Amino acid sequence: MTKLQSEAGLLPTEMFHFINGIEVESSDGARGELINPVDETVLASYSFGGVAEVDAAVSAARSEFDNGVWSSLSGYQRGCLINKLADLVERDADLIADMDAVCIGRVPMEPRILDLPNAIQTIRTSAGWADKIEGRTIPTPGYLGRATLSYTVNEPVGVVAAITPWNTPFMITCWKVAPLLAAGCTVVIKPSEETPMSALHLAKLAKEAGIPDGVVNVVTGSGSVIGNALVRHPGVDKITFTGSPAVGQHIQTEAAKDFKRVSLELGGKSPQVVFSDADQGEALAGCAMGIFFNQGQICAAGSRILVQRDIADEFAQKLADVASNIVVGNPQEEGVQMGPVCKKAQLDRVNYYIREGVAAGASLLAGGECPYEKGWFVRPTVFAAATNDMAIAQQEIFGPVATVIPFDDEQDAVEIANGTVYGLGATVWTSDVKRAHRMAKKIKAGAVGVNCWAPIDARLPWGGVKQSGSGRECGLSGVMAYTEEKVITVVTD
Ligand code: NAD
């Protein structure tokens, strides 16, 4: 593996807001700290902004959108600049992957092989859409007996506030920034308190690529101050948010006050449904990856593992064996497969649900609460013989905790799979192709994988139903989400 950028001393230790093409400190000089989840030492400090910084960033984005160079460019010209941004992200891919890995305590190889290639693909795919945002012509009966031509144009929605989470920060930031740039919008990014590093780097690369100052701005600090100020700001036209359902609900309520456009990518409690006719080896590997990848800190984590009753005990035991063999430790050390969770609050949350699972009577086959020493480590945990009414089956834990629930037949599986408030991802493991299609149709989710867990690709729309959110990112839908459709009718004779 290439030497880690953190070891080479290449990661920033001091960061500032990036507004209108320059780094700026908060007007009151307030600073926040990034804490290393592995040993709780301070990794870096960053500007902890307030309303003044939000005003400055929105004003830069507004002025570039309303009167700047960006709004005068053609789609083709925007696409060329976005492609240059992709080249620069590719150049710095290892550095960016390590920024995210260090901030959240992740095994560096994961963002290197997944997040960064996906982010680069998203930027390039979005660049390709920039000159292909087309409208329609619609036959209309005419105006007072005169012939008319009606056509639609999709115009950029305006200034976007992009509020992002910490779990796969760079990739999710690119899911928002690349398509909104393709559509012709400008943006103020508000990264999570735990992971501002890679978003700030993206903004600097945008400048280096020749994207005009004021198009990509980043304000760092707390959600309750900066996030709220952005959501309420009259200069913001749309909010794109990825994060928890609680904050998403708050944002939607606030945004409704002045009818801002909102897209919400929220939480999940995704089912992985394993039928006894499935390839058991593939299903086991997929279920283990689905819940233990990135310490289970994935919105589409397959945290509810529904297994047909005749194989449920054996399957749960095999999953527990996989869990027990995962090497947990400092993710930057050779051979370590799982690091800590991202923050103390997350550790407390995961341990709380593990206690809930034990108290509710589910059988703990692997892991369990581990004594708190230094670093926010959780052991990969497997509960078996759970029922769908338990908290460990209903609540998003956002940690490496698998809940195995037995089911009897297809109908039972569908009822359990759909029996939460969420609907983000789902997987069906079966060798029966007709069953696969039946299940995919009946499960309420934004994406269903058959014999694969949560495939993501820049061309595939991503998003949830029910309390997992509204709107779609990625693919053409992801670009169109940053446009407003306008109809123009012309009397032609
Ligand atoms: P979070 O909701 O706590 O924070 C997300 C962002 O919102 C952060 O930048 C935070 O500072 C900001 N924020 C907090 N309070 C705010 C407020 N009052 N107004 C405006 N902004 C505010 O979520 P998190 O802990 O960072 O991320 C974990 C959650 O994200 C999980 O629920 C996970 O499922 C979800 N998630 C969803 C997807 C998806 O694609 N559906 C992807 C990744 C993560």
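Remember, predicted model here, so these are calculated numbers, not experimental data.

A. Quick look at the overall build of the chain. Along the backbone of the chain there are 15 helices and 21 strands. Relative to the globule expectation of 23 Å for 493 residues, the C-alpha radius of gyration of the chain, 23 Å, shows essentially globular dimensions. Residues counted as buried form 57% of the 493 residues belonging to the chain. A separation of at least 24 residues holds for 73% of the contacts in the chain among residues at least 6 apart in sequence. Accessible area for the chain stands at about 19,400 Å²; split by element, carbon and sulfur atoms hold 54% of it.

B. Examining the sheet that holds strand β14 (residues 304-308) more closely. If you walk across this open sheet you meet the seven strands as β15-β16-β17-β14-β13-β18-β19, and the pairing is mixed. A single partner strand is all that each edge strand has here, and the edge strands are β15 (363-368) and β19 (447-450). Shown here is a sheet whose adjacent strand axes are inclined to one another by a mean of 15 degrees, direction ignored. Bridging between β14 and strand β17 (residues 401-407) involves five bridges; their strand directions are parallel. Looking across to β17, one finds that Val307 is bridged to Pro406. Lying on the sheet, helix α11 (residues 344-360) is in contact with β15, β16 (379-384) and β17; it crosses β16 at an angle near 25 degrees.

C. Examining the packing of aromatic side chains more closely. Within this structure, the stated rule accounts for six aromatic pairs. With centroids separated by 5.4 Å and ring planes inclined at 75 degrees, the aromatic side chains of Trp166 and Phe398 adopt a geometry described as edge-to-face. Of this pair, Trp166 sits in the loop between β8 (159-163) and α5 (169-183) while Phe398 sits in the loop between α12 (391-394) and β17, and the two are 232 residues apart along the sequence. This pair shows no difference in class: Trp166 is buried, exactly as Phe398 is. When the ring of Phe293 is compared with that of Trp453, the centres are 6.4 Å apart and the planes differ by 65 degrees; the resulting orientation is edge-to-face. Of the two residues, Phe293 is situated in the loop between α9 (280-292) and β14 and Trp453 in the loop between β19 and β20 (469-470); the sequence distance between them amounts to 160 residues. Judged on exposure class, the residue Phe293 and its partner Trp453 are both buried. Between the NZ or CZ atom of Lys238 and the centre of the ring of Tyr482, over which it lies, the distance is 5.1 Å. Above the ring of Phe275, the side-chain terminus of Arg435 is found at 4.1 Å from the ring centroid.

D. Inspection of the packing of helix α7 (residues 223-232) against helix α8 (residues 245-256) at higher detail. For the pair α7 and α8, the least separation of the axes is 9 Å and the interaxial angle reads 35 degrees. Two packed elements cross with a definite hand, and for α7 against α8 that hand is right-handed. On α8, the residues touching Asn228, Val231 and Arg232 of α7 are His250, Ile251, Glu254 and Ala255. Broken down by class, the residue content of the contact of α7 with α8 amounts to three nonpolar, two polar and two charged.

E. The arrangement of the pairing of β8 in detail. With five of five residues buried, β8 lies mostly within the body of the structure. Burial of the side chains of β8 extends over both faces: Val159, Ala161 and Ile163 are buried on one face and Val160 and Ala162 on the other. Bridge analysis of β8 against strand β9 (residues 186-190) gives five bridges, and the strand direction is parallel. Looking at the pairing, Ile163 lines up with Lys190 of β9. Once the chain exits β8 it traverses α5 before rejoining the sheet at β9, and the crossover so formed is right-handed.

F. Inspection of the site of the ligand at higher detail. Residues in close proximity to the ligand total 29 residues, the closest being Thr164, Glu193, Ser244, Leu266 and Glu396. Within the backbone of Gly243, one N or O atom sits 3.3 Å away from an oxygen atom of the ligand. Contact with the protein chains covers 90% of the free accessible surface of the ligand, which is 840 Å². Per element, the largest residue contribution to the shell around the ligand is four residues, and it comes from α8. Within the shell around the ligand, the residues separate by chemical class into 14 nonpolar, 11 polar and four charged.

G. Inspection of the sheet that holds strand β4 (residues 31-35) at higher detail. Strand order in this open sheet of three strands is β1-β5-β4, and the pairing throughout is mixed. Among the strands making up the open sheet, the edge pair consists of β1 (14-15) and β4.

H. Quick look at the nonpolar core. Core analysis: the biggest nonpolar cluster contains 60 residues, and Leu85, Val89 and Leu181 have the highest contact counts within it. When neighbours within four sequence positions are excluded, Val89 is seen to be in contact with Ile96, Leu116, Ile120, Ile123, Phe170, Leu202 and Leu205. Core analysis: the second largest hydrophobic core is formed by 36 residues, Ala283, Phe315, Ala366 and Trp453 among them.

I. Representation of the pattern of salt bridges. Enumeration over the complete set of coordinates arrives at 31 salt bridges. For Arg62, the salt bridge is made with Asp66, and the minimal N-O distance between the two is 3.1 Å. Of this pair, Arg62 and Asp66 both sit in helix α1 (residues 51-67), separated by four residues, roughly a single helical turn. According to the relative accessible area criterion, Asp66 is partly exposed, its value standing at 40%.

J. Layout of the environment of Gln249. Counting through the fold element by element, Gln249 comes out in helix α8. We classify Gln249 as exposed; its relative accessible area is 57%. For the pair formed by Gln249 and Gln467, sequence separation is 218 residues and the distance between their alpha carbons is 9.1 Å.

Calculation criteria
Residues numbered from 1 in each chain as written. Predicted model: local features only at pLDDT ≥ 70, side-chain atom pairs only at ≥ 80, totals over all residues. Heavy atoms only, no water. Helix = DSSP H or I, 4+ residues; strand = E, 2+ residues; numbered from the N terminus. Rg over C-alpha atoms; globule rule 2.2 N^0.38 Å. Buried < 20%, exposed > 50% of the residue type's maximum accessible area, 1.4 Å probe, protein only. Contact = heavy atoms within 4.5 Å. Areas by Shrake-Rupley, 256 points an atom, 1.4 Å probe, with all protein chains shown as cover. Pairing = 2+ DSSP bridges. Axes fitted to C-alpha atoms, helices over the stretch in contact; angles between N-to-C directions. Phe/Tyr/Trp six-rings, centres within 6.5 Å; stacked < 30°, edge-to-face > 60°. Lys NZ or Arg CZ within 6 Å of the ring centre and 35° of its normal. Left-handed = near helix turned anticlockwise from the far one by under 90°. Nonpolar A, V, L, I, M, F, W, Y, C, P; charged D, E, K, R; others polar. Right-handed = clockwise from strand over helix to strand, strands pointing away. Near = heavy atom within 4 Å. Polar contact = N/O pair within 3.5 Å; in protein donor to acceptor, adjacent residues only side chain to side chain. Core = buried A, V, L, I, M, F, W, Y, C linked by side-chain atoms within 4.5 Å. Salt bridge = Lys/Arg side-chain N within 4 Å of Asp/Glu carboxyl O.

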